[in-house]
Each structure stands twice: as C-alpha cells, then as structure tokens.
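Residues per chain, in single letters:
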Amino acid sequence: MENPEQLKQFLDAKVVLYNKPSFIERDPISIPHSFTKKQDIEISGLFAAVLAWGNRTTIINNCKKLMQWMDGQPHEFILHHKDTDLKAFVHFAHRTFNATDLLYFIEFLQYHYSLHDSLEDAFVPGKTYKEANVEQALIHFHNYFFSIEHPERTRKHIATPERNSACKRINMYLRWMVRKDKKGVDFGIWKKISSSQLICPLDVHVARVAERLELLDNIKSNWNNACQLTSHLRLLNPKDPAIYDYALFGLGVAERF
C-alpha cells in the first residue's frame, strides 16, 4: 500500500477489530488479567510473555499451572516461598523452557522484589527513561537479569537487541505494561516508559504482513527490522506506534493475510 493515508485507515480499522476485551480470552495476556495487584500482574505477565511461543492454548494452560503452583498469589509466593514449595516446579517444561530456567526465574524475581517494589525498575533503574525507544531498557534488563549467578542455558530465554534479536516477547510484555487506552486489553501500569518509545513486537507472522504492506523489505525477524517497522508505524501514529501490533498480528494469525 503506497498511500500512507490509505494504509493508516486500513490498519486503524484492524486495530478497532482486535484491540477489545474479546481478544483477551484466547491470548496469553489473559494470564495477567486474572490479577489485580500490580506485582501479580507484572510477574504473571512476564511468565506469560516469555512462554508465549507455540500453541496458544498450551501456553495459557502452562501459565495457569504455574500460577496455581504459586497459590494464585505470585508476588507473595516469590517473596516468601520455601525450597520445599518448589517441588512441583521440578517437572515443568514448555518447549525449550524447563525446570532449570523456571527455578532461576523464581530466584531472580525473589532477588529483585526483595529490593524493589516494581519490575519496571528492572528495565529502567532511574526515575524516567529518556531514550528514543526501548532498546537500552531491553539491554539493561537482559544484563541485570543475568547479573546474579545463573545457568548459562537460561540466557536464551531473555532476548537482547545486542544480539540483533527482535525481542518479540519482551517487547510484547512492555506493550502490556506500558500502553494505556480505554479498550481494556493492555494494562498501562508502568509510567517511566511512554507508549511512543515502544517497539512493535515482531515475529514471522507480523514480518510477513509488514512485507506485504511494504513496511519491510524482507521477512527477517530481527532487531533492525523491528526498529524499521516501528519507524514506519510511528509515521502513522507518533504517540503510540505499537498499537498496530493488534492489526498486524490479527492480519497474520487470524486472517492469514
């Protein structure tokens, strides 16, 4: 689509179609939506985002299992669990994410929440975030996440722009936490990062749609393409480019565009 105004109208209509509460039920974002406490939303959302690859029903079921093992109170569990409470977790596996990874995530979260009130501080240690986009926040999170003793194998589960990864799942997580509108899907509970700084989550589905719409030159899912796509989307909506994640994802997954 060569006409920017025509493209904006087309994508805005798709956003209206997908950015609504009915989207929640069959999406991993349904996991944090079962909580109201800020820290519970953050923790359950992180697991839902990190495990968000493969069959969506399996993703949601595995996340529900994790939350049940945490007694439906992830923040309380993270802070106050005993080693004996972790027995069930030893048999967990989702794709390549296994018990070793899960137990380290729990250990890191306990370390972080013993020092900080919010997981937002793991991305932005200062009071405000002044960069053009979230690249430095993602790099900081990755480095901080692995700043305590950790299994080497777990590093692959937290992506970083420094390796030219598209960081799809972490960008999706930031969309959930940062974006705020009246539609009720995203939470908007983090204030240090603004919607204008978000990078659109990019995976093979979104890249394929973006190429068809001439927003990308190829369907590679990497950081360079995530930034290029977002720069095009920013021309359509400077304050909230990641809103088009709904349209591109819906076109790719639901409509096989």
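Here is a short report on the structure shown in this document. Because the structure is a prediction, the values reported are computed rather than measured.

What counts, and at which threshold
- Residues numbered from 1 in each chain as written.
- Predicted model: local features only at pLDDT ≥ 70, side-chain atom pairs only at ≥ 80, totals over all residues.
- Heavy atoms only, no water.
- 1 Å grid on protein atoms, 1.4 Å probe; cavity = no way out; pocket = protein on both sides within 12 Å on 5 of 7 lines; lining within 4 Å.
- Points joined across faces, edges and corners; volume = space filled by probe spheres on them.
- Helix = DSSP H or I, 4+ residues; strand = E, 2+ residues; numbered from the N terminus.
- Nonpolar A, V, L, I, M, F, W, Y, C, P; charged D, E, K, R; others polar.
- Disulfide = S-S within 2.5 Å.
- Axes fitted to C-alpha atoms, helices over the stretch in contact; angles between N-to-C directions.
- Parallel < 35°, antiparallel > 145°, perpendicular 65-115°, else oblique.
- Contact = heavy atoms within 4.5 Å.
- Buried < 20%, exposed > 50% of the residue type's maximum accessible area, 1.4 Å probe, protein only.
- Arc of directions from axis to C-beta.
- Polar contact = N/O pair within 3.5 Å; in protein donor to acceptor, adjacent residues only side chain to side chain.

1. Describing the layout of surface pockets
No. 1: In this structure, the largest pocket spans a volume of roughly 380 Å³.
No. 2: If you trace the largest pocket, you find 22 residues lining it, with Ala52, Lys168, Asp203, His205 and Phe249 closest to the centre.
No. 3: Reported here for the second largest pocket is a volume of approximately 200 Å³.
No. 4: For the second largest pocket, the full set of lining residues is Leu17, Tyr18, Lys20, Ser22, Phe23, Arg26, Asp27, Arg56, Phe249, Gly250, Val253 and Ala254.
No. 5: If you list the elements that add at least two residues to the lining of the second largest pocket, you get helix 1 (4-18) and helix 11 (244-254).
No. 6: The element contributing the most residues to the lining of the second largest pocket is helix 11, with 4 residues.
No. 7: Looking at the lining of the second largest pocket residue by residue, the class counts come to 6 nonpolar, 2 polar and 4 charged.

2. What to know about the state of the cysteines
No. 1: Throughout the structure, instances matching the rule amount to 0 disulfides.
No. 2: Cys227 carries a free sulfur, and the closest cysteine sulfur to it, the one in Cys167, is 9.1 Å from it.

3. As for the packing of helix 9 (residues 204-212) against helix 11
No. 1: One way to put it is that helix 9 packs onto helix 11 with a least axis distance of 8 Å and a crossing angle of 95 degrees. If you check the angle between helix 9 and helix 11, you find them roughly perpendicular. Judged by residue contacts, His205, Val206, Arg208 and Val209 of helix 9 engage Asp245, Leu248, Phe249, Leu251, Gly252 and Val253 from helix 11.

4. A short note on helix 9
No. 1: Within helix 9, the full set of buried residues consists of Val206, Ala207, Val209 and Ala210. Taken end-on, helix 9 shows its buried residues confined to a sector of 165 degrees, consistent with a single buried face. The exposed residues of helix 9 that point more than 90 degrees off its buried face are Val204 and Arg212.
No. 2: Where helix 9 begins, the capping side chain belongs to Asp203, and its oxygen is found 3.1 Å from the backbone nitrogen of His205.
No. 3: Glu214, located one to two residues past helix 9, shows a positive phi value of around 65 degrees.

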